[in-house]
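These are the residues of each chain, in order.
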Amino acid sequence: MSNHLYKNLIGGEWVPARTGKTFLNVNPADSDDIVGEFPSSGAEDVDAAVTAAAIAWQTWRLVPAPKRAEILYRTGEILTQRKEQYAREMTREMGKVLSETRGDVQEAIDTAYYMAGEGRRLFGQTTPSELRSKFAMSVRMPVGVVGMIAPWNFPMAIPSWKLFPALVCGNTCVIKPAEDTPLSTFNLVQSLMDAGLPPGVVNIVTGFGPDAGAPIVSHPGVRAISFTGSSEVGRMVGQTAAGNFKPCSLEMGGKNAMIVLEDANIDLALDGALWGAFGTTGQRCTATSRILLHKKIAAEFTEKLVARADALKVGNGLDEAVQMGPQINQQQIETSIRYCGIAQKEGAKLLTGGSPLEDGTFDKGHFFAPTVFAGVKPGMRIAREEVFGPVVALIECTDFDEAIEAANSIQYGLSTALYSRDVNKAFRAIRDLEAGITYVNAPTIGAEVHLPFGGVKQTGNGHREGGTGALDFYTTWKSVYVDYSDKLQRAQIDTGE
Ligand code: UN1
């Protein structure tokens, strides 16, 4: 059986890569299941996409924002109709279980409706002038052609966080989906086109980072870059963008801490820990990868968590009974193996898991056992570095202050969580945890699209996706002064009296 061959989308046309090369998109749960064949693009493909986007920008920027927003609204409706199909296709290419891929499509739907509403806001300011008969205001202007590089863990939600605000603000886009999960971006953009998006406004170039991602970042016609991925690649993206003074939004790693105090509802905290650590097979930048346990509840919590991790049903995410799918590829399995080795060498105690699952039903996929380490100290690498797999580190603390200090002692600052019934401690945690997101009595995952998403320290470079943060990135402020006095009035010199 021949594979379905997908093409790049450039100026509204489906075209093969000029490199002539392709790559296969394979189901991480089943190597016999080929999802499709996609172009392995290079700099020339990127250049054609940027040219198409630049041409489209000349007309798209003039379409009134409420009209641009209507296309997003219709896209939300189309995605709603196709939710089940797109979720299934996403599970095939990404591996996470169906309930989660439905959630991923839902996150794109939420973003569509939220950003559609922004079409009738995009508020600027009007403010008095210091001079008579003079009017002052600020308006949001589109940036131009925006380059987007997306990750594989939220194959539709994260492209929607990038595309939808960019579009409502009047930008045109060149997007490179992750090579592991391109189909979900195709599905998202197909929905935009079916909703009436004009040709060239969104262009897709598929391929690998060095060949297809790097030329987007360095292209002089690309005015801004939005990147989600590892801190390692993000640093290169940021450095290249800085060379051209290009605004660049980086969303990168995390090592997200959940603190469980002695007064917490332990069963609630266990539910949260299980979902936060093993949901999406631990492959979220917001995943709960450290749990800081008050010493009074540590033993009980640890025992129950291990029992529940052992009971998780791992397998192909298309099976509704499965609770945890595979990792995305063999490289991620290798990373999990490597960190389990490092943790044990450092003296952490492996309580369960620690190795790939390879026998029987697992033999055609990239499966890893849910893994729990205890006896972890805040200075160990397993407590400081991102694994991006189903591996959680338990750290014992003597009190609240020590837990906050340990939580803050790392280079990342994306998400955090506190389980406690003490309202004073909850508000101190909100104040003191160094992170872009803090949850109280909920795990570190579960951000909603209308609030800012992003982190501090090496997680990001100060920008936010979601909420109004996204509008700030995809627009540039223009200050406008209209002098209707019919005479020269000099700011800061004439009195205006
Ligand atoms: C990510 O972790 O890569 O907050 C994105 C969440 C999701 C988005 C996660 N809504 O967990």
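Some remarks on a negative patch on the surface
- A contiguous patch of negative charge, built from E262, D399, E402 and E405, is present on the exposed surface.
- If you trace the backbone, D399 turns up in the loop between strand 18 (391–397) and helix 12 (400–408).

A look at the side chain of R290
- Considering the arrangement of structural elements, one finds R290 in strand 13 (residues 288–294).
- Comment: no salt bridge for buried R290; closest opposite-charge side chain is E434, at 9.2 Å.
- A distance of 2.9 Å separates the side chain of R290 from the backbone oxygen of A407, its partner in a polar contact.
- Not counting the four nearest positions on each side in its chain, R290 is found in contact with K255, N256, A257, M258, A383, V392, A393, I395, A406, A407 and I410.

Some remarks on the sheet that holds strand 23 (residues 475–483)
- If you walk across this open sheet you meet the three strands as 5-6-23, and the pairing is antiparallel. Because the sheet does not close on itself, it has two edges, and the strands there are strand 5 (125–128) and strand 23. Averaged over all adjacent pairs, the angle separating strand axes in this sheet is 20°, with direction ignored.
- Bridge count for strand 6 (residues 134–142) against strand 23 is nine bridges, and the pairing is antiparallel. Of the residues in strand 23, the one forming a bridge with S138 is S479.

Re empty space enclosed by the protein
- A full pass over the atoms with the stated rule returns five cavities of 30 Å³ or more.
- Around the largest cavity, the lining is made up of 15 residues, and of these G282, A287, S289, V387 and F388 lie nearest the centre.
- Across the lining of the largest cavity, the residue classes break down as six nonpolar, six polar and three charged.
- By volume, the second largest cavity is sized at about 60 Å³.
- Around the second largest cavity, the lining is made up of 15 residues, and of these K255, I410, Y412, G413 and S415 lie nearest the centre.
- Secondary-structure elements contributing two or more residues to the lining of the second largest cavity are strand 12 (256–260), helix 12, strand 19 (412–413) and strand 20 (415–419).
- Here the lining of the second largest cavity is composed, by residue class, of six nonpolar, six polar and three charged.

Let's talk about the pattern of salt bridges
- Taken as a whole, this structure holds 23 salt bridges when the rule is applied.
- Between R431 and D432 there is a salt bridge, and its shortest N-O distance comes to 2.8 Å.
- Looking at D432, the relative accessible area reads 27%, which means it is partly exposed.
- A network of salt bridges, in which partner residues are shared, links E84, R88, R102 and E320.

Here's the deal with the site of the ligand
- As a matter of local geometry, the ligand sits amid E107, N153, F154, I158, W161, R284, C285, T286, I445, G446, A447 and F453.
- At 3.1 Å, a side-chain N or O of E107 approaches a nitrogen atom of the ligand.
- A distance of 2.6 Å is found between an oxygen atom of the ligand and a backbone nitrogen or oxygen belonging to A447.
- Starting from 320 Å² of accessible surface for the ligand in isolation, the protein chains cover 99%.
- Here the residues of the shell around the ligand are counted per class, giving seven nonpolar, three polar and two charged.
- For the shell around the ligand, the domains that each give at least three residues are domain 1 (8–252 + 460–479) and domain 2 (256–440).

Focus: the layout of surface pockets
- The volume enclosed by the largest pocket comes to roughly 1,300 Å³.
- Around the largest pocket, the lining is made up of 43 residues, and of these F227, G229, S230, E232 and V233 lie nearest the centre.
- For the lining of the largest pocket, the secondary-structure elements that each account for two or more residues are helix 7 (209–218), strand 10 (224–228), helix 8 (231–243) and helix 11 (330–346).
- By residue number, the principal contributor to the lining of the largest pocket is helix 8, which donates seven residues.
- Taken together, the residues of the lining of the largest pocket break down into 20 nonpolar, 15 polar and eight charged.
- Residue contributions to the lining of the largest pocket reach at least three from each of two domains, namely domain 1 (8–252 + 460–479) and domain 2 (256–440).
- Roughly 390 Å³ of internal volume is contained in the second largest pocket.
- In terms of lining residues, the second largest pocket is bounded by 23 residues, among which E107, F154, R284, G446 and A447 are the most central.
- Contributing elements (two or more residues each) for the lining of the second largest pocket: helix 4 (98–118) and helix 5 (157–168).
- Sort the elements by how many residues they give to the lining of the second largest pocket and helix 4 lands first, with seven residues.
- Tallied by class, the residues present in the lining of the second largest pocket amount to nine nonpolar, seven polar and seven charged.
- Lining the lining of the second largest pocket are residues from two domains, each supplying at least three of them: domain 1 (8–252 + 460–479) and domain 2 (256–440).

So, how was this worked out
Counting restarts for each chain: residues are numbered from 1 in the order of the written sequence. For a predicted model such as this one, the threshold for reporting local features is a pLDDT of at least 70, and the threshold for listing and counting side-chain atom pairs is 80 or more; totals across whole chains, interfaces and linings nevertheless cover every residue. Water and hydrogen atoms play no part in the side-chain values, which are based on all heavy atoms of the structure. Each patch is built from salt-bridge-free residues with over 30% relative accessible area, joining like charges within 9 Å and nonpolar side chains (Val, Leu, Ile, Met, Phe, Trp, Tyr) within 5 Å. Where accessible areas are quoted, they stem from the Shrake-Rupley method and a 1.4 Å probe; at the residue level, only the protein chains shown are allowed to cover. Salt-bridge detection follows one rule: a side-chain nitrogen of Lys or Arg within 4 Å of a carboxyl oxygen of Asp or Glu. When charges are counted, Lys and Arg contribute as positive and Asp and Glu as negative, whereas His and the chain ends are disregarded. Where a charge lies is defined by one atom per residue type, namely NZ (Lys), CZ (Arg), CG (Asp) and CD (Glu). Only DSSP runs of H or I covering at least 4 residues are called helices, and only runs of E covering at least 2 are called strands; the numbering of each starts at the N terminus. To sort residues, take the accessible area from a 1.4 Å probe on protein chains only and compare it with the maximum for the residue type: under 20% means buried, over 50% means exposed, and anything in between is partly exposed. Side-chain atoms alone can form a polar contact between residues adjacent in sequence; in general such a contact is a pair of N or O atoms within 3.5 Å, and within protein one must be able to donate a hydrogen while the other accepts it. Contacts are assigned to residue pairs with any non-hydrogen atoms lying within 4.5 Å of each other. When DSSP locates at least two bridges between a pair of strands, those strands are taken to pair. All axes here are fitted lines through C-alpha atoms, helices being fitted over the stretch that makes contact, and every angle between N-to-C directions spans 0 to 180 degrees. Points on a 1 Å grid, built from protein atoms alone, make a cavity when a 1.4 Å probe fits but cannot get out and make a pocket when they are open with protein on both sides within 12 Å along at least 5 of 7 lines; residues with an atom within 4 Å of a point are the lining residues. Grid points are joined across faces, edges and corners, and a volume is the space filled by probe spheres set on the points. Charged residues are taken to be Asp, Glu, Lys and Arg, nonpolar residues to be Ala, Val, Leu, Ile, Met, Phe, Trp, Tyr, Cys and Pro, and polar residues to be all remaining types, Gly included. We call a residue near a given molecule or strand whenever any one of its heavy atoms falls within 4 Å of it. Residue ranges assigned to the domains are those given by an automatic or database domain assignment.

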